[in-house]
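Each chain, letter by letter, is given below.
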Amino acid sequence: MQSQASSTHSTAKDLSNIAHFLHRWTMKQTEAVTGKDLTFSQVSVLFQIRHGITTPGEIARALRVTPKAITVTVDSLIANEMVQRHSDANDRRKIPLRLTQRGFDASMTIELTTLAPLAAAIGQLPDQEFDALQDALKTIGRLTAALRTAEDPQLGNSLPRPD
């Protein structure tokens, strides 16, 4: 019989492998939809803004990249008329970002198109497996929140959660 520690490690490894696969799969799906028009980083920034994370600093923390990397990505999205900078009347140091209609439409199209094959596969699950998947996602959500809080207490539960 496997020890608790060994079983816990094995489960963590399996979950990590699944997360890695889904990340690579999503990147490939996104590339297939956008071609060379948008990078995965640009798409990630569009999604963050659409989900309410609107300042470059918040986006950098959420995506775990440098503020300079976000500045370069945001500048390219502004040049492509997908994002606009706005001023904050209460705090002139803050420069919130907003999606243009073009940016919103692109992010929605990419999300719907890339999720369609996964949603179709999930739709084929028997009811019992679908329910088990939903329960597992709740547990994974709690684990993710705990990891986010441990890594950066400011982020904690502020990042978008799967619906």
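In this text the structure is predicted, and so the values were computed from the model without any measurement.

The rules we used
Residue indices begin from 1 for each chain and proceed along its sequence in written order. Predicted model: local features are reported for residues with pLDDT of at least 70 only, side-chain atom pairs are reported and counted for 80 or more only, and whole-chain, interface and lining totals are derived from all residues. With hydrogens and water set aside, each side-chain value is computed from the structure's full complement of heavy atoms. By definition, any uninterrupted DSSP run of H or I lasting at least four residues is a helix, any uninterrupted run of E lasting at least two residues is a strand, and each is numbered from the N terminus. Each residue is placed in one exposure class: buried if its accessible area under a 1.4 Å probe, protein chains only, is under 20% of its type's maximum, exposed if it is over 50%, and partly exposed if it falls in between. Every residue pair with non-hydrogen atoms within 4.5 Å of one another is taken to be in contact. Take a side-chain nitrogen of Lys or Arg and a carboxyl oxygen of Asp or Glu: if they are within 4 Å of each other, that pair is a salt bridge.

Along the protein chain, the regular secondary structure elements total six helices and two strands. Counting from the amino terminus, helix and strand elements in the protein chain follow one another as α-α-α-α-β-β-α-α. Every one of the 163 residues in the protein chain was classed for burial, and the buried ones make up 23%. Here the analysis covers contacts within the protein chain between residues at least 6 apart in sequence; of these, 50% occur between residues at least 24 apart.

This brings us to helix H2 (residues 40–50). Among the eleven residues of H2, eight are classified as buried, and the element is accordingly described as predominantly covered. Taken residue by residue, H2 has Gln42, Val43, Ser44, Val45, Leu46, Gln48, Ile49 and Arg50 as its buried positions. Packed against the buried residues of H2 are helix H1 (4–34), helix H3 (56–63), helix H4 (67–79), strand E1 (83–85), strand E2 (97–99) and helix H5 (101–123). Directly after H2, the chain includes Gly52, whose backbone phi takes a positive value near 95°.

To continue, consider the environment of Thr71. Relative to the helices and strands, Thr71 is located in helix H4. Residues Thr71 and Ala60, spaced eleven residues apart in sequence, show a C-alpha to C-alpha distance of 9.1 Å.

Our next topic: the pattern of salt bridges. Opposite charge on two side chains allows them to pair when their charged atoms are near. This model, assessed by the stated rule, comprises two salt bridges. With a closest N to O distance of 2.3 Å, Arg50 and Glu111 form a salt bridge. Here Glu111 lies in helix H5 and Arg50 lies in helix H2, a separation of 61 residues in the sequence. With its nearest N and O atoms 2.5 Å apart, the salt bridge here joins Arg85 to Asp75. Of the two residues, Arg85 is situated in strand E1 and Asp75 in helix H4; the sequence distance between them amounts to ten residues.

Another point: the side chain of Ser107. With respect to the element layout, Ser107 can be found in helix H5. We classify Ser107 as buried; its relative accessible area is 0%. Look past the residues within four positions of Ser107 in its chain and what remains in contact with it is Leu46, Phe47, Arg50 and Leu99.

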